[in-house]
Protein chains: 4
Amino acid sequence: MANSEFTYVKNFEPPDSLPLSNWIVVRIDGRGFSKLCKKYNFTKPNDKRAIDLMNSAAVQVVKSFHDIVLAYGQSDEYSFVFHESTTLFERRSAKLSTSVATMFTAEYVMQWREFFPEEEMKLCRPFPTFDGRCVCYPKKSILRDYLSWRQADCHINNLYNTTFWSLVLKGGEDGQGMSGTEAEKMLKGTLASDKNEILWKNFGVNYNDEEEVFKKGSVLYRAYDDAVSKTQLEKERKRKMKARIVTEHTDIIGNAFWEKRPYILATKKGDVCNE
Amino acid sequence: MANSEFTYVKNFEPPDSLPLSNWIVVRIDGRGFSKLCKKYNFTKPNDKRAIDLMNSAAVQVVKSFHDIVLAYGQSDEYSFVFHESTTLFERRSAKLSTSVATMFTAEYVMQWREFFPEEEMKLCRPFPTFDGRCVCYPKKSILRDYLSWRQADCHINNLYNTTFWSLVLKGGEDGQGMSGTEAEKMLKGTLASDKNEILWKNFGVNYNDEEEVFKKGSVLYRAYDDAVSKTQLEKERKRKMKARIVTEHTDIIGNAFWEKRPYILATKKGDVCNE
Amino acid sequence: MANSEFTYVKNFEPPDSLPLSNWIVVRIDGRGFSKLCKKYNFTKPNDKRAIDLMNSAAVQVVKSFHDIVLAYGQSDEYSFVFHESTTLFERRSAKLSTSVATMFTAEYVMQWREFFPEEEMKLCRPFPTFDGRCVCYPKKSILRDYLSWRQADCHINNLYNTTFWSLVLKGGEDGQGMSGTEAEKMLKGTLASDKNEILWKNFGVNYNDEEEVFKKGSVLYRAYDDAVSKTQLEKERKRKMKARIVTEHTDIIGNAFWEKRPYILATKKGDVCNE
Amino acid sequence: MANSEFTYVKNFEPPDSLPLSNWIVVRIDGRGFSKLCKKYNFTKPNDKRAIDLMNSAAVQVVKSFHDIVLAYGQSDEYSFVFHESTTLFERRSAKLSTSVATMFTAEYVMQWREFFPEEEMKLCRPFPTFDGRCVCYPKKSILRDYLSWRQADCHINNLYNTTFWSLVLKGGEDGQGMSGTEAEKMLKGTLASDKNEILWKNFGVNYNDEEEVFKKGSVLYRAYDDAVSKTQLEKERKRKMKARIVTEHTDIIGNAFWEKRPYILATKKGDVCNE
């Protein structure tokens, strides 16, 4: 930027580097997506095409930012986890959140036609956009609790939505569709087991047989075919570019996922500290 | 968001509301736009189509966010000024910057074809994206200095670029194109007057006759056809939606622009304070 | 600080410079002063010696920090206003609040004996201490509202306390002292006019005749005997050191005080901006 | 605080709670202590009375704040470590730093006479004060590096100062005192081993025999006579009040100190997370 008598105003920009040695989660959320769902008549309770689009956009984001170690998505939200030692954009909060959110948005609108090729699904204004924010997690265990929080949220909402839309679309005992208000009333205060039973009794649906992608959301990470040795770590950047990005719909609350893939949250050689 | 034992992680999200009674500028900047210029062979020193696209995307942003009182753009950047009394998103910094930046990005990529209809200009990855940030200015006078800073920057860069590319494309004294390095060397340490003279002597170009949009950048604001009365202020929201959004390439450093349109930075009835 | 392999931890100290061109108020508050009042048997509703001690400690703070333009105190709190253009400690928040709060505390405990010479008033643990914080006010008008807020608070509390303690110490209609609970109950929901009447009817007290220091609190500022000329402004630092520091108990909510002493909140030559 | 039309100004106070699950260090530093040393003629290179006073003031701070798990002091600075799970003052940064700094200051000035009973040492203005700040450390290992940093700093400075003042007070090879500038020049660029040799060759001083308090600084923590069981942890608050506070001058860089006292940095039952 060129100099002038007005340059002093630059000093009003506050420093916003996030604290060192914290895992940085950039979570983006669809803006006004309930309206969007109605406008484009998304399938209820889940529109597989919409979720595939979310995942496809997220893959591009993970590919572009090498310091993202894992991403988790469900519904209209996606969380991107940057390694605690990242120095990308000097860890500046606004740079991180806007760069991730705008790339996700650009991918989402540009890929839309692939997932919704029908003429009547053509995007029109207001175009889908996403807000975003950075959150710091100081410990691996808390980061994992964050991810568990989002996956538990996915499960709770999906069980509710599956039951709610079964009642609305396929109806109550008389086989007639319920109104939204009636269904809401019926579900108020019910436990997970109650909802499972409603699904089974009324609709012959075993919730466990629902698709994993709806029950678990989507986990993205880099898959390596071989064990990670010291030398390989040094060639990390190169490897990352080659690595396949995997999209799975699997449990990340328990330990199995993490124990099988210790490299995902590995503390790197030369990191600021060893936990 | 549904509740679970993991919900405590929500408490790690820091509050980020910007201080009250400050003008909020959200400035977005193209990420890696020098590469983009090369990739799509943008005209040098200015590509009118690219600037028109920037302006057209910005118009949509201004239309969507009613609390934006003015926007100023040049090159690959745009500054959106929110009124000091805005309560949009509870003045949360990350919400403001990501919402503006993703809407601008969505508009930019979706409108691309209108401005670059040629087959060879078709957008391919990495798609254009923009980072963004919020900056607070506590006084009207400092906000105006901020805007003056950006416009002075536009002028200084444009004079340099116009001269540089004249030398490179049309050449030095022998009429042959200079190399970039030669041109850079020749311009090092020159004053504005020197550049004006080079343009005039070597290329018969009077810098003052260059297009205003290149010399001044673009100012966007709402134009009202009538004077603003008290009652009208109350109908503000309605009026804003109707108002034409004007794109001008005019001086905003001097007082004339502002004195003619006092309503742009007017302190509103019921504001937190009257300075 | 000497260098070692551990020096990296220094990078965890976050920058905390307060935004430019904002008036900075450091307000300190006595920690646990209701206990202190009981322990040393302070006179109710106001202990003049305790207030004199507060003011005397505050004078030393104002003397030491030349960029303090005004201080206002009441009860166990004091607000110190730093000029919006101060660069003291690079405007670092923690430095400003702790330097002011520790100096005030040191003065308070060291001067205690002067104001409470009696043997039974000798300070013992826990010694009086003060917490503090910085608050930024972007405009003169809002700063004045801040000061008005504190003075209005002083008035409201003092009227309440004067009535409450009259009831408790001198009693209700029967001339017997009320219990605290009874007095509290009686005053619940009363307006200022009601309290004025209780004081007048029951105790023959005209609230307006109460001491100004209790009704208005204390304003500290530098008094200059001569008008401020340009040249004098340049000699500012010298003059400040010479200036008498005045302690007054006067209205700062209205305009009269400020119009008579425009130099107190004057925007200085060479400031970052002129509003 | 009473309500009035001005109460809105309260909203300018920014939230300043420190991030959860981080160890909070409040470090205080003497303001202008090199002047103080000269004014009161402190013994060089170390004044034992002054250090004893620092330690004695720190003990009172540790006693008062139950969530302080350890304190480390050297020269005119003291670091107080609050447990990562503390909720004191809702973890508000300004409250924590000013409360600690003012209590330390009050103790320092009030205890002064005990450590400097001589008439000529009587405190006069400006009284000693301390600035302070909060720093967050997200991991135990980094907190330990912080403490190691301060202790390494103590060692490096003390070796330098011991050598410097030996040269100045007892002289160089001719037995005459050097000037400060000469000593500084002589020590410039020397290694630890060089300084050790100068001390030994010129003054027959074995640095290892210097007092531990000067070489290591002072560590304060609560000493418990018995092992810590679960039930005891529940009675923690009570126990803390009874615990002796120990002042030691011992190595805290190596593991021995910490392995012997695992309870000092123990993650508590019911903490937000287990590392």
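Preceding this section is the structure that the text describes.
Please read these numbers as outputs of a predicted model, since none were measured by experiment. (Residues numbered from 1 in each chain as written. Chains lettered and ligands numbered in written order. Predicted model: local features only at pLDDT ≥ 70, side-chain atom pairs only at ≥ 80, totals over all residues. Heavy atoms only, no water.)

Undergrad: Break down the overall build of chain A for me, citing the residues and quoting the values.
TA: When helices and strands are tallied, chain A shows 10 helices and 6 strands. Surface summary for chain A: the accessible area is close to 12,800 Å², and the carbon and sulfur share equals 50%. (Helix = DSSP H or I, 4+ residues; strand = E, 2+ residues; numbered from the N terminus. Areas by Shrake-Rupley, 256 points an atom, 1.4 Å probe, with all protein chains shown as cover.)

Undergrad: How would you sum up the environment of Gly171 of chain B? Please name residues and give values.
TA: Residue and element names in this part refer to chain B. By the secondary structure assignment, Gly171 is in the loop between α4 (140–170) and α5 (180–187). Measuring from C-alpha to C-alpha, the distance between Gly171 and Asn202 comes to 8.6 Å, with 31 residues separating the pair along the chain. With sequence-adjacent residues up to four places away left out, Gly171 is seen in contact with Ser166, Gln176, Gly177, Met178 and Phe203. (Contact = heavy atoms within 4.5 Å.)

Undergrad: With reference to specific residues and values, describe the interface of chain A and chain B.
TA: Accessible area lost upon the coming together of the parts is a frequently used measure of interface size. Contacts between the two partners involve 57 residues from chain A and, on the opposite side, 57 residues from chain B. Taking both sides of the interface into account, the surface hidden between chain A and chain B amounts to around 4,700 Å²; carbon and sulfur atoms contribute 66%. For Glu13 of chain A, the salt bridge is made with Arg27 of chain B, and the minimal N-O distance between the two is 3.1 Å. Along the contact surface separating chain A from chain B lie 17 residue pairs in polar contact (both at pLDDT 80 or more). Counting residues per element, the ones that place at least two in the side of chain A that touches chain B are α3 (93–115), β4 (130–137) and α4 (140–170) of chain A. (Buried area = accessible area lost by both parts, 1.4 Å probe. Salt bridge = Lys/Arg side-chain N within 4 Å of Asp/Glu carboxyl O. Polar contact = N/O pair within 3.5 Å; in protein donor to acceptor, adjacent residues only side chain to side chain.)

Undergrad: Describe the layout of surface pockets, and please don't skip the residues or the numbers.
TA: Residues and elements named next belong to chain B. Estimates place the volume of the second largest pocket at around 1,100 Å³. Contributing to the lining of the second largest pocket are 46 residues, with Cys37, Lys44, Ser75, Asp76 and Asn161 lying nearest its centre. Secondary structure elements with two or more residues in the lining of the second largest pocket: β1 (23–30), α1 (33–39), α2 (48–64), β2 (68–74), β3 (77–82), β4 (130–137), α4 and α7 (212–216). Ranked by residues supplied to the lining of the second largest pocket, first place goes to α4 with 9 residues. Considering only residue class, the lining of the second largest pocket consists of 16 nonpolar, 15 polar and 15 charged. (1 Å grid on protein atoms, 1.4 Å probe; cavity = no way out; pocket = protein on both sides within 12 Å on 5 of 7 lines; lining within 4 Å. Points joined across faces, edges and corners; volume = space filled by probe spheres on them. Nonpolar A, V, L, I, M, F, W, Y, C, P; charged D, E, K, R; others polar.)

Undergrad: Give a detailed account of the sheet that holds β2 of chain B, specifying residues and quantitative values.
TA: Residues and elements named next belong to chain B. A sheet is described by the order of its strands in space; here 6 strands give the open sequence β4-β1-β3-β2-β5-β6, paired in antiparallel fashion. Each edge of the sheet is formed by a strand with only one pairing partner; in this case those strands are β4 and β6 (244–248). Strand-to-strand, the axes of this sheet are offset by a mean angle of 20 degrees, without reference to chain direction. As defined by bridge partners, β1 adjoins β4 across 8 bridges and the pair is classed as antiparallel. Each bridged residue has a counterpart across the sheet, and for Ile28 the counterpart in β4 is Gly132. (Pairing = 2+ DSSP bridges. Axes fitted to C-alpha atoms, helices over the stretch in contact; angles between N-to-C directions.)

Undergrad: Give a description of the pairing of strand β3 (residues 77–82) of chain D that names residues and reports values.
TA: Working note: regular strand, side chains alternate between the two faces of the sheet. Residue and element names in this part refer to chain D. Counting buried residues in β3 gives 6 out of 6 residues, a clear majority hidden from the surface. Along β3, one buried face is formed by Glu77, Ser79 and Val81 and the opposite face, lined by Tyr78, Phe80 and Phe82, is buried too. Strand direction decides the pairing type here: strand β1 (residues 23–30) and β3, joined by 6 bridges, are antiparallel. Looking at the pairing, Arg27 lines up with Ser79 of β3. Both strand β2 (residues 68–74) and β3 contribute to a ladder of 6 bridges, which runs antiparallel. Along β3, the bridge assignment pairs Ile68 with Phe82. In textbook terms, the turn of a hairpin is the stretch between consecutive antiparallel strands, and for β2 and β3 this stretch comprises 2 residues, one of which, Ser75, has a positive phi near 50 degrees. (Buried < 20%, exposed > 50% of the residue type's maximum accessible area, 1.4 Å probe, protein only.)

Undergrad: For the sheet that holds strand β5 (residues 218–223) of chain D, give the residues involved together with the corresponding values.
TA: All names here are of chain D. What the 6 strands build is an open sheet, ordered β4-β1-β3-β2-β5-β6; its pairing is antiparallel. Each having just a single partner strand, β4 (130–137) and β6 (244–248) make up the two edges of the open sheet. Between one strand axis and the next, the sheet turns by 20 degrees as a mean value, whatever way the strands run. Bridge count for β5 against β6 is 5 bridges, and the pairing is antiparallel. Within the sheet, the bridge partner assigned to Val219 lies in β6 and is Glu248. Relative to β2, helix α4 (residues 140–170) is tilted by about 20 degrees, and along the sheet it contacts β1, β2, β3 and β4.

Undergrad: I'd like a rundown of α3 of chain A, residues and numbers included.
TA: Residues and elements named next belong to chain A. An ideal rise of 1.5 Å per residue puts 33 Å on 23 residues; α3 measures up with 32 Å between its terminal C-alpha atoms. Largest kink in α3: about 30 degrees, centred on Val109. Counting buried positions along α3 yields 20 of 23 residues, so the element is predominantly enclosed. (Expected span 1.5 Å × (residues − 1). Bend = angle between axes of the 7 residues up to and from the residue.)

Undergrad: Let's hear about the packing of aromatic side chains: which residues, and what values?
TA: The relation between two aromatic rings is expressed through the spacing of the ring centres and the mutual angle of the planes. Under the criterion given, the structure shown has 88 aromatic pairs over all chains. Relative to Tyr137 of chain D, the ring of Phe12 of chain C has its centre 5.2 Å away and its plane inclined at 50 degrees; by these criteria the two rings are tilted. A residue pair is termed interchain when its members come from two chains, as with Phe12 of chain C in the segment before β1 (23–30) and Tyr137 of chain D in strand β4. A residue is classified by how much of its surface remains accessible, and Phe12 of chain C, at 8% relative accessible area, is buried. Look at Tyr137 of chain D and you get buried, because its relative accessible area is 0%. One aromatic cluster is present, built from ring pairs that chain together Phe33, Tyr40, Phe42, Tyr78, Phe80, Phe104, Tyr108, Trp112, Phe116 and Phe130 of chain A. Against the face of Phe89 of chain B rests Lys95 of chain B, its NZ or CZ located 5.7 Å from the ring centre. (Phe/Tyr/Trp six-rings, centres within 6.5 Å; stacked < 30°, edge-to-face > 60°. Lys NZ or Arg CZ within 6 Å of the ring centre and 35° of its normal.)

Undergrad: Report on the side chain of His83 of chain B, specifying residues and quantitative values.
TA: Residues and elements named next belong to chain B. Position of His83 among the secondary structure elements: in the loop between β3 and α3 (93–115). Look at His83 and you get buried, because its relative accessible area is 1%. A polar side-chain atom of His83 sits 2.6 Å from the main-chain carbonyl oxygen of Ala266.

Undergrad: Just give me the short version of the pattern of salt bridges, but keep the residues and values in it.
TA: Using the criterion set out here, one finds 72 salt bridges over all chains in the structure. The residue Asp52 of chain D makes a salt bridge to Lys48 of chain D at a minimum N-O spacing of 3.3 Å. A residue pair is termed a helical-turn pair when its members lie 3 or 4 positions apart in one helix, as Asp52 of chain D and Lys48 of chain D do in helix α2 (residues 48–64) at 4 residues. For Lys48 of chain D, a relative accessible area of 34% puts it in the partly exposed group. A salt bridge links Lys201 of chain D to Glu197 of chain D, with the nearest nitrogen and oxygen atoms 3.4 Å apart. Residue Lys201 of chain D and its partner Glu197 of chain D are located together in helix α6 (residues 192–203), separated by 4 residues, close to a single helical turn. One continuous salt-bridge network, built from bridges that share partners, spans Lys10, Glu13 and Lys95 of chain A together with Arg27, Asp29, Asp131 and Arg133 of chain B.

Undergrad: Help me get a handle on the packing of α4 of chain D against helix α5 (residues 180–187) of chain D, residues and values and all.
TA: Residue and element names in this part refer to chain D. Their axes nearest at 9 Å, the elements α4 and α5 cross at an angle of 135 degrees. The angle between α4 and α5 places the two elements in the oblique class. The crossing of α4 and α5 is right-handed. Where α4 approaches α5, its residues Tyr160, Thr163, Phe164, Leu167 and Val168 are matched on the opposing element by Gly180, Ala183, Glu184, Met186 and Leu187. Residues that form the contact of α4 with α5 fall into these classes: 7 nonpolar, 2 polar and 1 charged. (Parallel < 35°, antiparallel > 145°, perpendicular 65-115°, else oblique. Left-handed = near helix turned anticlockwise from the far one by under 90°.)

Undergrad: Provide a residue-level description of the relation of the copies chain A and chain B, including the pertinent values.
TA: Of the two same-sequence chains, chain A is brought onto chain B (RMSD 0.0 Å, axial shift 0.0 Å) by a rotation of 180 degrees. The two molecules are tied by a two-fold rotation axis, judged by turn and shift. Of the residues that chain A buries at the interface, 100% are likewise interface residues in chain B, meaning the two copies contact each other through the same surface. (Least-squares fit on C-alpha atoms with pLDDT ≥ 70 in both.)

Undergrad: How would you explain unusual backbone geometry if you had to name every residue and give the values?
TA: Apart from glycine, the bulk of residues carry a negative phi angle, and the bulk of peptide bonds sit in the trans form. A cis amide bond links Lys44 of chain A to the next residue, Pro45 of chain A, at an omega of 0 degrees. Note that Pro45 of chain A resides in the loop between α1 (33–39) and α2 (48–64). The phi dihedral of Asn41 of chain B is positive, around 55 degrees, even though this residue is not glycine. Residue placement: Asn41 of chain B occurs in the loop between α1 and α2.

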